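Letter by letter, the chains look like this.
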Amino acid sequence: MGRLIKMDFYRLFQSRLFWILSGVFFVLKFITSFIEPILVDWLVQMSGGEDIGFTLDVRLSEVIETSVPGLLMIIMFISLTSFLYADIKNGYIKNIAGQIPGKGLTAVSKFVIMLAHNLFYGIMGAVAGFAGYFLSPSSNFIFDEDIAQGIEVFFIKYLLTLAMGAIVLFITTGLYSNVFAIVLSVLLCVGALSLLYMGIDQIISLLKIKNFSISNYVPDMLYQNISVDAMNKPESAIALTSVIVAVVFTALFVAGAVVLFNKRDVK
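Residues take numbers from 1 onward in each chain, read along the sequence in its written order. Local features in a predicted model are, by the rule used here, given only for residues with pLDDT of at least 70; side-chain atom pairs are given and counted only at 80 or more, and totals for whole chains, interfaces and linings are based on all residues. Remark: hydrogens and water are excluded; side-chain values derive from all non-hydrogen atoms of the structure.

K.L.:
Which residues make up the overall build of the chain, and what values do they have?
P.N.:
Check the secondary structure of the chain and you find twelve helices and two strands. Strands are runs of DSSP state E lasting at least two residues, helices are runs of H or I lasting at least four, and both sets are numbered from the N terminus onward. Put simply, the chain runs from its N terminus to its C terminus through helices and strands in the order α-α-β-α-α-α-α-β-α-α-α-α-α-α. A compact globule built from 267 residues would reach a C-alpha radius of gyration of about 18 Å, and the chain, at 21 Å, matches this within 12%. Once the C-alpha set of the chain is aligned to its principal axes, its extents read approximately 70 × 50 × 30 Å. Counting across all 267 residues of the chain, residues that qualify as buried make up 45%. Restricting to contacts in the chain with at least 6 residues of sequence separation, those with at least 24 account for 83%. Two things to know: the radius of gyration comes from C-alpha atoms, and the globule rule equals 2.2 Å times the number of residues to the power 0.38. Burial status follows relative accessibility: with a 1.4 Å probe on protein chains alone, a residue under 20% of its type maximum counts as buried, one over 50% as exposed, and anything between as partly exposed. Contacts were defined at the residue level, with two residues in contact if any of their heavy atoms lie within 4.5 Å.

See below:
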């Protein structure tokens, strides 16, 4: 198992697409963080100093908790999907599967790489965001008292990306579908499945089940909604809910990928 993980790490680090997408991600995160305060300052000046609902204050806790925003998360998931499907696409999964006691261990190995992959993007996003905001001439950077909670949100969101990544792992490794995995990744990243969830909520309401919304129990919606401010609301359980949902989704879909891959004929 250890040799399999080392080999997968080698595959990741030798992937030009991984490094290209990582560079694009870092640059875009830095540029957007650098320009945002400048645009806000311009809007304030154009409004004559009136309150326009934006502020030039940038809290470090917010920078940490928003290290991987939805649109840029698409880049991270394209990189992840490319890695997860590479051995199947290029055909050398046949050589790997024949040398290990259980084919499904390849899915476990890929998940281990996912742990490092997603954490790398999260840290990179936080560093790029910090550098962009800190160097922007128009921002008022504040080292606030919510930094610890910002770090907590960072790791909860990290767990939620693993849950979404486990779904992608199930599709690529278990179902052998790269296109579907990429499309679903994009939908998860931008919260586009909210319409589907609304439809499910309507069906649930017809069953006379009240005060229940599936959007509160799926990783992509929780990723969009969790923040320091949301956690500080009275009687908020979003942090605990997010952790439980992340663990359950990850366990189910990783286990599903292992079981399904063990049953498939490697081609």
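K.L.:
Hey, could you go over helix α9 (residues 194-206) for me, with residue numbers and the actual values?
P.N.:
For α9, with 13 residues, the first-to-last C-alpha span of 19 Å sits near the 18 Å given by 1.5 Å per residue. Taken together, the buried residues of α9 touch α10 (219-225). Downstream of α9 by a residue or two, Lys208 has a phi angle that is positive, lying close to 65°. Given the number of residues in a helix, its expected span is that number minus one, multiplied by 1.5 Å.

K.L.:
Let's hear about the pattern of salt bridges: which residues, and what values?
P.N.:
Charged atoms that come close allow side chains of opposite charge to pair. Here, a salt bridge means any side-chain nitrogen of Lys or Arg that lies within 4 Å of a carboxyl oxygen of Asp or Glu. Under the criterion given, the structure shown has four salt bridges. For the salt bridge of Asp8 with Arg11, the shortest nitrogen-to-oxygen distance reads 3.1 Å. Note that Asp8 and Arg11 are positioned in helix α1 (residues 2-13) at a spacing of three residues, about one turn of the helix. Across the pair, exposure class does not vary: Asp8 and Arg11 are buried alike. Here Arg59 makes a salt bridge to Asp229, at a shortest N to O gap of 3.9 Å.

K.L.:
Pulling in residues and values, what's your account of the nonpolar core?
P.N.:
Burial of nonpolar side chains together is a common tendency in soluble globular proteins. Among buried residues, the Ala, Val, Leu, Ile, Met, Phe, Trp, Tyr and Cys ones that are joined through side-chain atoms within 4.5 Å form a nonpolar core. Among the nonpolar cores identified, the biggest contains 55 residues, and Phe25, Met73, Phe77, Leu84, Met114, Tyr121 and Leu169 are the most heavily contacted of them. Among the elements that take part in this core, helix α7 (residues 147-175) stands out by supplying twelve residues, more than any other. Not counting residues within four places of it along the chain, the set of residues in contact with Tyr121 comprises Phe18, Leu21, Ser22, Phe25, Val68, Ile75, Met76 and Ser79.

K.L.:
Tell me what's going on with α7, and back it up with residues and numbers.
P.N.:
The terminal C-alpha atoms of α7 lie 41 Å apart, and with 29 residues this matches the ideal 42 Å at 1.5 Å per residue to within 8%. Immediately beyond the C-terminal end of α7, within one or two residues, lies Tyr176, with a positive phi of roughly 60°.

K.L.:
Report on the environment of Val245, specifying residues and quantitative values.
P.N.:
Tracing the backbone through its elements, the reader meets Val245 in helix α12 (residues 238-263). Judged by its relative accessible area of 8%, Val245 is buried. Along the primary structure Val245 and Leu222 are separated by 23 residues, whereas in three dimensions their C-alpha atoms are 8.9 Å apart. Aside from chain neighbours lying at most four places away, what touches Val245 is Tyr217, Val218, Pro219 and Leu222.

K.L.:
Any details on the packing of aromatic side chains? Residues and values, ideally.
P.N.:
Any aromatic ring pair is given by two values, namely how distant the centres are and how the planes are angled relative to each other. Pairs were defined over the aromatic rings of Phe, Tyr and Trp, the Trp ring being its six-membered one, requiring ring centres within 6.5 Å. Orientation was assigned from the angle between planes: stacked under 30 degrees, edge-to-face over 60, tilted for the rest. Counting across every chain of the model gives 18 aromatic pairs. Measuring from centroid to centroid gives 5.7 Å for Phe18 and Phe120, while their planes differ by 45°, and the two rings are tilted. Note that Phe18 is positioned in helix α2 (residues 16-46) and Phe120 in helix α6 (residues 105-135), a separation of 102 residues in sequence. Ring geometry for Phe30 and Phe34: centres 6.0 Å apart, planes at 20°, overall stacked. Residue Phe30 and its partner Phe34 are both found in helix α2; the two are separated by four residues, about one turn of the helix. Here Phe30 falls in the partly exposed class, since its relative accessible area comes to 25%. With relative accessibility at 25%, the residue Phe34 sits in the partly exposed group. Taken together, the ring pairs connect Phe9, Phe13, Phe18, Trp19, Phe25, Phe120 and Tyr121 into an aromatic cluster. Lys157 extends its terminal NZ or CZ atom over the ring of Tyr223, reaching a point 5.0 Å from the ring centre. In this scheme, the term charge over a ring applies when either NZ of a lysine or CZ of an arginine sits within 6 Å of the ring centre and within 35 degrees of the ring normal.

K.L.:
I'd like a rundown of the side chain of Ser227, residues and numbers included.
P.N.:
Along the chain, Ser227 falls in the loop between α10 and α11 (228-231). Exposure remark for Ser227: the relative accessible area of 17% places this residue in the buried category. Within 3.5 Å is the distance limit for a polar contact, defined as a pair of N or O atoms, with the added protein rule that one can donate a hydrogen and the other accept it, and that residues adjacent in sequence qualify only through two side-chain atoms. In terms of polar contacts, Ser227 uses its side chain to reach the backbone amide nitrogen of Ala230, at 3.1 Å. For Ser227, the contacting residues outside a window of four places in its chain are Glu65 and Val153.

K.L.:
Describe unusual backbone geometry, naming the residues involved and giving the relevant values.
P.N.:
Backbone geometry places Tyr176, a non-glycine residue, at a positive phi of 60°. Along the polypeptide, Tyr176 turns up in the loop between α7 and α8 (178-189).

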